[in-house]
Amino acid sequence: MTRFVDRPEFTELVLGFKHTAFRLEVRDRYNEPSEAEVLHRFLGNGQLDDSCMSDWVEELGPRLAGGQRMDRVRVVSEPHGDCTRFGLALATYNTAAGEDIGYLPRHQAAGLDLPERDFRLIDSTTLLILTFDDDDVLLGADLIDDPAVVVKHRYYRDVARRHSRSSTPPADASTSSSPSPS
C-alpha cells in the first residue's frame with residue numbers, strides 16, 4: 001500500500017530513525033524556501049551563512065556520535081549547477097554532524113539502473129519516495145510498505161553507496177580538466 005505523507009509527517013519519519021537513515025538524491029535542483037535567502041547570498045558572494053544548518057547539526061550531531069548512522073548519495077551533473085555547488089558548501093555542516101555523503105557523477109550513475117526519483121530509506125524498512133512540485137519544492141513523500149519495493153530500494157542504496165565517493169565531491173568539469181575516475 002502507498003500513502004502520501006505531507007512535510008511535517010515526512011520530517012517526523014526521517015528524524016524518527018532508530019539506527020539508519022539513507023537518502024538518494026538524483027535531482028539537479030532543490031528549492032527549499034527556508035534556504036532561499038542563504039542560497040541567494042551564497043551565489044552572490046560565495047559565502048555561506050551557517051544559521052540554516054544549526055538546527056540540523058544540533059539535532060543529529062549527538063545521535064550520530066552515539067552510533068546512529070545517516071548517509072546519502074548525491075548523483076551530480078558536471079559541470080555543477082548552482083544547487084550542487086550550494087549543496088557541496090552545506091555538506092561541510094552535514095559531515096561535521098557525522099553524516100556521510102557520497103558523490104556519484106551522473107554519467108557514471110547512468111549505467112547503474114538507479115531510480116529517477118529521490119528516496120529516503122529509514123532503518124531499512126520504511127521507504128519514502130520524495131515528491132516535488134513544478135518549482136522543485138518538496139511537498140512530502142509516498143510512504144511505501146510493499147516489502148518487495150523496499151528490498152529493491154535497499155539494493156539501490158547498496159549500489160549507490162558502492163559506486164560513490166564518500167565525502168569527496170567529484171571535480172567540477174567546468175573548473176578541472178582531469179577526467180573523473182571510472
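Rules used in this analysis
- Residues numbered from 1 in each chain as written.
- Predicted model: local features only at pLDDT ≥ 70, side-chain atom pairs only at ≥ 80, totals over all residues.
- Heavy atoms only, no water.
- Pairing = 2+ DSSP bridges.
- Helix = DSSP H or I, 4+ residues; strand = E, 2+ residues; numbered from the N terminus.
- Contact = heavy atoms within 4.5 Å.
- Axes fitted to C-alpha atoms, helices over the stretch in contact; angles between N-to-C directions.
- pLDDT = per-residue confidence, 0-100.
- Core = buried A, V, L, I, M, F, W, Y, C linked by side-chain atoms within 4.5 Å.
- Buried < 20%, exposed > 50% of the residue type's maximum accessible area, 1.4 Å probe, protein only.

1. Digging into the sheet that holds strand β2 (residues 20–25)
Inference 1: As summarised here, the arrangement of the eight strands in space is β1-β7-β6-β5-β2-β3-β4-β8, forming an open sheet in which the pairing is mixed. Here the strands that pair on one side only, and so sit at the sheet edges, are β1 (2–6) and β8 (165–166).
Inference 2: Across four bridges, β2 lies against strand β5 (residues 119–122) in antiparallel orientation. Looking across to β5, one finds that Ala21 is bridged to Ile122.
Inference 3: Helix α1 (residues 7–15) rests against β1, β3 (69–76), β5, β6 (126–132) and β7 (138–144) of the sheet, and its axis sits at about 100° to β1.

2. Re the confidence of the model for the protein chain
Atom-level detail of predicted coordinates should not be read off regions where pLDDT is low.
Inference 1: Within the protein chain, residue pLDDT values average 89, and 91% of them lie at 70 or more.
Inference 2: A low-confidence stretch, residues 173–182 (pLDDT under 50), is modelled with 11 contacts involving residues beyond four sequence positions or located in other chains.

3. Re the nonpolar core
Inference 1: Membership of the largest hydrophobic core comes to 18 residues, with the highest contact counts inside it found for Phe22, Leu24, Val75, Leu104, Leu114, Phe119 and Leu127.
Inference 2: If you list the elements that add at least two residues to this core, you get β2, β3, β5, β6 and α6 (147–163).
Inference 3: A per-element tally of this core places α6 first, with four residues.
Inference 4: Excluding its chain neighbours within four sequence positions, the residues that come into contact with Leu104 are Val73, Arg74, Val75, Val76, Ala109, Leu112, Leu114, His163 and Ser164.
Inference 5: Counting residues in each nonpolar core, the second largest holds 15 residues, with Phe10, Leu60, Phe132 and Leu138 among its members.

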